[in-house]
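Spelled out, the chains give:
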Amino acid sequence: MARIFSGIQPTGIAHLGNYLGAVQNWVKLQDSNECVFCLVDLHAITVAQNPVLLRDQTRLNAAILIACGIDPDKHILFHQSAVHAHARLAWIFNCVARFGWLSRMTQFKDKAGRDREAVSTGLFVYPNLMAADIHAYHATQVPVGDDQRQHLELANDIAEKFNHDFGAEFFPRIEPLILPETARVMSLRDGAKKMSKSDTSDQSRINLTDDVDTIALKIRRAKTDPEPLPETIEGLAGRAEAANLVGIYAAMTGQKTTAVLAEFAGSGFGPFKEKLVEALIAHLAPINARAQELLAEPAHLDQILQAGARRAAAIANPIVDEAERLVGFLARG
């Protein structure tokens, strides 16, 4: 059975794009794999965070993951900072990775922009911590999107150099886990941009904690165009907002895009949006309800995360202990 590691930022609120692009697939992976799910709060502080908000949102996103179907009894769910093995191995990888490797990371260039000298060093070495997250569990598969493929390649380069430098085939190669194709969910305000936690407009996304009235309002306000829905996929060309809403409806109802267009061809967006609201509420309302139940008992939620951290540490600590021995550190005692 493969061991899979997956991490998600605990900041902001998980939205429909996160659910369809990642979390929904994580739930399915539980059936035939050993899964380690991590709320990566160490990664979160590479940019400034409000401490109170960070704690609250870590709990919130843990509740959402469980409500979506992550099973913390059969698999491991924890917050990253609770398992010190991540930081211990990350420091070793900081010393193994080469400056030039990190300098080529396109995601750092994108996030830092022109003001690179003002960003935290944590943002620069972020990929080393990501490599440590995975290698601390000897995980061999990681679900990745296109924006993380370069980091996964770096994680393998670090492992290969470590193994070479210390004369041991210790860290295994990680393979990217290519997930089934899912709808690429775009902003409700701009079909050219991905749905994002960081978008300043809350109207741009469907949060997994939105109530039924909020979902309905956001969809009714979602940007469209004046043309009716087409009969064919080709008719969606150049109509980003229309394609986005059709894709969301298809994902929510388990239909092909062609079937959705066959049903609504020639329809205006008013009637279509009402059907989309119904589909979203039917799918997301139970998730929100379960998440709110969990959030009503924060102490119990903390216990779930702490229990997950103990199970995670039981796997990671011996692996990182051995990595430290290979490096030449004295035993921790």
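Look a little higher up for the structure.
Reading the values: rules and limits
- Residues numbered from 1 in each chain as written.
- Predicted model: local features only at pLDDT ≥ 70, side-chain atom pairs only at ≥ 80, totals over all residues.
- Heavy atoms only, no water.
- Phe/Tyr/Trp six-rings, centres within 6.5 Å; stacked < 30°, edge-to-face > 60°.
- Buried < 20%, exposed > 50% of the residue type's maximum accessible area, 1.4 Å probe, protein only.
- Salt bridge = Lys/Arg side-chain N within 4 Å of Asp/Glu carboxyl O.
- Helix = DSSP H or I, 4+ residues; strand = E, 2+ residues; numbered from the N terminus.
- Pairing = 2+ DSSP bridges.
- Right-handed = clockwise from strand over helix to strand, strands pointing away.
- Bend = angle between axes of the 7 residues up to and from the residue.
- Contact = heavy atoms within 4.5 Å.
- Polar contact = N/O pair within 3.5 Å; in protein donor to acceptor, adjacent residues only side chain to side chain.

### A closer look at the packing of aromatic side chains
Then, number 1: Within the structure shown, the criterion is met by 13 aromatic pairs.
Then, number 2: Plain terms: the ring middles of Phe162 and Phe166 are 4.8 Å apart, the flat faces sit at 50° to each other, and that makes the pair tilted.
Then, number 3: The exposure class of Phe166 is partly exposed, given its relative accessible area of 30%.
Then, number 4: Pairing Tyr249 with Phe272 gives two aromatic rings, centres 5.5 Å apart and planes at 50°, and the pair type is tilted.

### Side note on the pattern of salt bridges
Then, number 1: Throughout the structure, instances matching the rule amount to 16 salt bridges.
Then, number 2: Notably, a salt bridge pairs Asp165 with Lys161, separated by 2.7 Å at the nearest N-O pair. Within this pair, Asp165 and its partner Lys161 are both found in helix 8 (residues 149-165), separated by 4 residues, close to a single helical turn.
Then, number 3: One salt bridge connects Lys218 with Asp210, and the closest N-O pair in it is separated by 2.8 Å. The pair formed by Lys218 and Asp210 is uniform in burial state, with each residue classed as buried.
Then, number 4: Connected through salt bridges with shared partners, the residues Asp202, Arg205, Asp210 and Lys218 form a single ionic network.

### Regarding the pairing of strand 2 (residues 34-39)
Then, number 1: The element strand 2 is largely enclosed, with a buried count of 5 among its 6 residues.
Then, number 2: Across 6 bridges, strand 1 (residues 3-8) lies against strand 2 in parallel orientation. Looking at strand 2, one finds that Ile4 is bridged to Cys35.
Then, number 3: Between the parallel pair strand 1 and strand 2, the chain is carried across by helix 1 (residues 16-29), and the sense of this crossover is right-handed.
Then, number 4: Across 4 bridges, the pairing between strand 2 and strand 3 (residues 76-79) is parallel. Bridged to Cys38 within strand 3 is Phe78.

### Side note on helix 12 (residues 269-295)
Because an α-helix packs 3.6 residues into every turn, residues spaced three or four apart end up facing the same way.
Then, number 1: Leu284 marks the point of greatest bend in helix 12, at about 35°, and the proline Pro286 comes within the next four residues.
Then, number 2: Along helix 12, the residues that are buried comprise Phe269, Phe272, Lys273, Leu276, Val277, Ala279, Leu280, Leu284, Ile287, Asn288, Ala291 and Leu294.
Then, number 3: Summarising the contacts, the buried residues of helix 12 are in contact with helix 1, helix 3 (51-68), helix 9 (212-221), helix 10 (240-253), helix 11 (257-264) and helix 13 (298-327).

### Looking at the side chain of Asn33
Then, number 1: Relative to the helices and strands, Asn33 is located in the loop between helix 1 and strand 2.
Then, number 2: With relative accessibility at 11%, the residue Asn33 sits in the buried group.
Then, number 3: A distance of 2.9 Å separates the side chain of Asn33 from the backbone oxygen of Leu29, its partner in a polar contact.
Then, number 4: A polar contact of 3.5 Å, which involves the side chain of Asn33, links it to the side chain of Ser32.
Then, number 5: Those residues in contact with Asn33 that sit more than four places away from it in its chain are Met1, Ala2, Ile4, His75 and Gln141.

### Things to note about the environment of Gly69
Then, number 1: Tracing the backbone through its elements, the reader meets Gly69 in the loop between helix 3 and strand 3.
Then, number 2: Residues Gly69 and Trp26 lie 43 residues apart in sequence; the distance between their C-alpha atoms is 8.7 Å.
Then, number 3: Dropping the residues within four chain positions of it, Gly69 is found in contact with Val27 and Gln30.

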